[in-house]
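Coordinate analysis (summary)
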Amino acid sequence: MNETRDLIIGIDFGKKYSQICYYDRKAEEARSLPVKVGSSLYETPTCLCRRTDTDQEEYCIGLEAEYFAREKGGFLLEDLYAVSMSREKVHVAGEDREPWEILGLFLRGMLKFPGVMEVEKNIKSLTVTMETMDSIQVENLQKAAEFLGLSEDQFSLLDYEESFYYYVLTQKVETWNRSVGWYSFSKDKVVFRKLVMSSGTRPVFVRLENPVEAKLRQPAQERDEDFYKFVKETLGTDLYSSIQINGEGFDQEWAQKSVKLLCYQRRKVFYGNNLFARGACSAGAERVINHDLKDYRYMSSSLVLSDVGMELRVMGAPAYYPLIESGRNWYESNAYVELILDGTKELVFIVDTMGEAKKKRIAMALPGLPERPERTTRLGVNLQYTSQDECRVTVKDLGFGEMFPSSGKEWTETTRWQEETK
């Protein structure tokens, strides 16, 4: 690739191996980048090495990291996925590093494959995808993006399921205008998911049905027989536009009988291990330039289901002030507002949850709030989701100029809006 400005990048941050894709604007598709010049190798080990053969503080990743650790005595960090799940500092060559710094260094190393030297100037969109995400991983990766100089608009996160959605729906329409089957292999196990769409709704709701799994025996003939039986059970007589297969453990050498069944009724069958990197890259392209999927909504298991706001006086007039919008992933859902209290010692949030007929008014008490004249208490209110169901609300006393300095008081509550009563 020759372009190194306004790049749209997708990175699959895997437990053992990672991949990177860039968006080819001319071809209008995500393309995998080899991790070794002149090769067709697209996976690189998810590891980081602090080099000790130079006076400079230098880090390298992947195959290069393994080489410098093995041949030059470098300090190798292998389990970066575990690092992403921790807030504990990491000891590296005599120094302590924050986990988000380690992740930032790894991402910077990945971005060298497309020739990125100045991350904040060269990147239009960076999307990182991983199998699943918890609040610590989200926090660490968002801080890693800040460490690289990326703004919130330049960086986003997806889990593998949503990456799969973007990968599928950015292919030719004939490969997804009916249901799509997804078989994901991991050694001696295969998991099936079905991607389905609603009919007659706008936007069109797209979702993945619950997973079904099966164990596969090791001898080739028995393995083929097991998978054949599983395919027959899972596909049944339903109509499918395509079948997607990924993961370690699948090989056409042993899947003789089962592949014939997969291709029955002219079903298109695709196999590859770059689905998630390409899906992440396609998500970035959809978000910043294409907007082709505006009439579709992916019903992720990570979606926030409640609109949250407050009744405030804005420009002197009472108005509803929105804070959190439903239909977004929990790790993208946060809000901050500064307000002045007027004759009250509590905050009231207006919550409108999908599927519930009435809106709720949920109060948050502020015990120990300093006694001040009316309209002289300024608060900073921050909402941050920590999972699909839980939202952490943090309120800080900001004071009111020199006359009423901040007391330093802070109140924090974690709430489940859907379970709260009036």
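Shown above is the structure to which this text applies.
Attention here is on the structure that accompanies the text. (Residues numbered from 1 in each chain as written. Predicted model: local features only at pLDDT ≥ 70, side-chain atom pairs only at ≥ 80, totals over all residues. Heavy atoms only, no water.)

1. With respect to the overall build of the chain
Counted only if it meets this: Secondary structure elements follow DSSP: runs of H or I no shorter than four residues count as helices, runs of E no shorter than two count as strands, and numbering proceeds from the N terminus. The buried label goes to any residue with under 20% of its type's maximum accessible area, the exposed label to any with over 50%, and the partly exposed label to all in between, with areas taken from a 1.4 Å probe on protein chains only. By definition, residues are in contact when any of their heavy atoms lie within 4.5 Å.
Helix and strand counts for the chain come out as nine helices and 26 strands. Taken over the C-alpha atoms alone, the chain extends approximately 80 × 65 × 40 Å along its principal axes. Across the 422 residues in the chain, those meeting the buried criterion constitute 48%. Partitioning the contacts of the chain with sequence separation of at least 6, the portion at a separation of at least 24 is 65%.

2. Focus on the packing of helix α6 (residues 160-169) against helix α9 (residues 275-290)
To keep things clear, this is the line we draw: Axis definition: a line fitted to C-alpha atoms, limited for helices to the stretch in contact. Angles are taken between N-to-C directions and run from 0 to 180 degrees. Orientation labels follow simple angle bins: below 35 degrees gives roughly parallel, above 145 gives roughly antiparallel, 65 to 115 gives roughly perpendicular, and whatever is left gives oblique. Helix crossings are classified by the rotation of the near helix relative to the far one: an anticlockwise turn of less than a right angle makes the crossing left-handed, while a clockwise turn makes it right-handed. Under the scheme applied here, ten amino acids are nonpolar (Ala, Val, Leu, Ile, Met, Phe, Trp, Tyr, Cys and Pro), four are charged (Asp, Glu, Lys and Arg), and all others, including Gly, are polar.
Following both chains from N to C, one finds α6 and α9 inclined at 70°, their axes separated by 7 Å at the closest point. By the criterion of interaxial angle, the relationship of α6 to α9 is roughly perpendicular. For the element pair α6 and α9, the recorded crossing hand is left-handed. Taken together, the residues of α9 that come into contact with α6 (itself represented by Tyr-160, Ser-163, Phe-164, Tyr-166 and Tyr-167) are Leu-275, Phe-276, Arg-278, Gly-279, Ala-280, Ser-282, Ala-283 and Glu-286. In terms of residue class, the contact of α6 with α9 is built from eight nonpolar, three polar and two charged.

3. Brief notes about the sheet that holds strand β6 (residues 59-61)
Each strand in a sheet pairs with its neighbour through backbone hydrogen bonds, running either in the same direction (parallel) or in the opposite one (antiparallel). Applied cut-off: Strand pairing is assigned whenever DSSP identifies at least 2 bridges connecting the two strands.
Reading across the sheet, the three strands line up as β6-β5-β7 and stay open at both edges, with antiparallel pairing between neighbours. Sheet topology places β6 and β7 (75-77) at the edges, where each strand pairs with a single neighbour. Neighbour-to-neighbour, the strand axes of this sheet turn through a mean angle of 25°, independent of strand direction. Bridge count for strand β5 (residues 48-50) against β6 is three bridges, and the pairing is antiparallel. Residue pairing for β6: Leu-48 is matched across the bridge by Ile-61. In the packing of helix α1 (residues 62-72) onto the sheet, contacts are made with β5, β6 and β7, and the angle to β6 comes to roughly 120°. Here helix α3 (residues 99-110) sits on the sheet and contacts β5, β6 and β7; the angle it forms with β6, its principal contact strand, is near 65°.

4. Quick word on the side chain of Thr-377
In this structure, Thr-377 sits in the loop between β23 (360-365) and β24 (378-385). Contact partners of Thr-377, with chain neighbours within four places excluded, come to Leu-339, Ile-340, Leu-341, Leu-369, Arg-372 and Asp-397.

5. Description of the sheet that holds β24
Read across the open sheet, the four strands follow the order β21-β24-β25-β26; overall the sheet is antiparallel. Pairing within the sheet leaves two strands with one partner each, and these edge strands are β21 (334-340) and β26 (410-415). On average, each strand axis in the sheet is tilted by 15° relative to the strand beside it, whichever way the strands run. One ladder, built from six bridges, connects strand β25 (residues 391-397) with β26; its direction is antiparallel. Following the sheet pairing, Cys-391 is matched in β26 by Thr-415.

6. Some points on the nonpolar core
Here is the rule we go by: Remark: nonpolar core denotes a set of buried residues (Ala, Val, Leu, Ile, Met, Phe, Trp, Tyr, Cys) joined through side-chain atoms within 4.5 Å.
Among the nonpolar cores identified, the biggest contains 66 residues, and Leu-111, Leu-347, Phe-349, Leu-383 and Trp-417 are the most heavily contacted of them. With six residues, the top contributor of residues to this core is α3.

7. Considerations on the layout of surface pockets
Rules: Detection works on a 1 Å grid of protein atoms alone, calling trapped sets that fit a 1.4 Å probe cavities and calling open sets with protein on both sides within 12 Å along at least five of seven lines pockets, with lining residues defined by an atom within 4 Å of a point. Grid points are joined across faces, edges and corners, and a volume is the space filled by probe spheres set on the points.
Its volume calculated, the largest pocket comes out at about 1400 Å³. Within the residue set of the lining of the largest pocket, elements represented by two or more residues are α5 (135-147), β11 (155-159), α6, α9, β18 (296-298), β20 (317-324), β21 and β24. Per-element tally for the lining of the largest pocket: the top contributor is α5, with five residues. Taken together, the residues of the lining of the largest pocket sort by class into 18 nonpolar, 13 polar and 13 charged. Lining the second largest pocket are 33 residues, with Glu-131, Tyr-160, Ser-184, Phe-185 and Phe-276 positioned closest to its centre. Contributing elements (two or more residues each) for the lining of the second largest pocket: β2 (17-24), α6, β12 (179-186), β13 (189-197) and β16 (240-248). With four residues, the top contributor of residues to the lining of the second largest pocket is β12.

8. Comments concerning the pattern of salt bridges
For clarity, the cut-off: What makes a salt bridge here is a side-chain nitrogen of Lys or Arg within 4 Å of a carboxyl oxygen of Asp or Glu, nothing more.
By the definition in use, this model includes 28 salt bridges. Its salt-bridge partner being Arg-51, residue Glu-58 comes within 3.3 Å of it at the nearest N-O pair. Given the relative accessible area of 30%, Glu-58 is considered partly exposed. Residue Glu-213 is joined to Lys-189 by a salt bridge in which the shortest nitrogen-to-oxygen separation is 3.9 Å. Note that Glu-213 is positioned in strand β15 (residues 212-215) and Lys-189 in strand β13, a separation of 24 residues in sequence.

9. With respect to the pairing of β20
Judged from the seven bridges that link them, strand β19 (residues 306-314) and β20 form a sheet pairing that is antiparallel. Within the sheet, the bridge partner assigned to Arg-313 lies in β20 and is Pro-318. The antiparallel pairing of β19 with β20 creates a hairpin that spans two residues between the two strands, and Met-315 there sits at a positive phi of about 55°.

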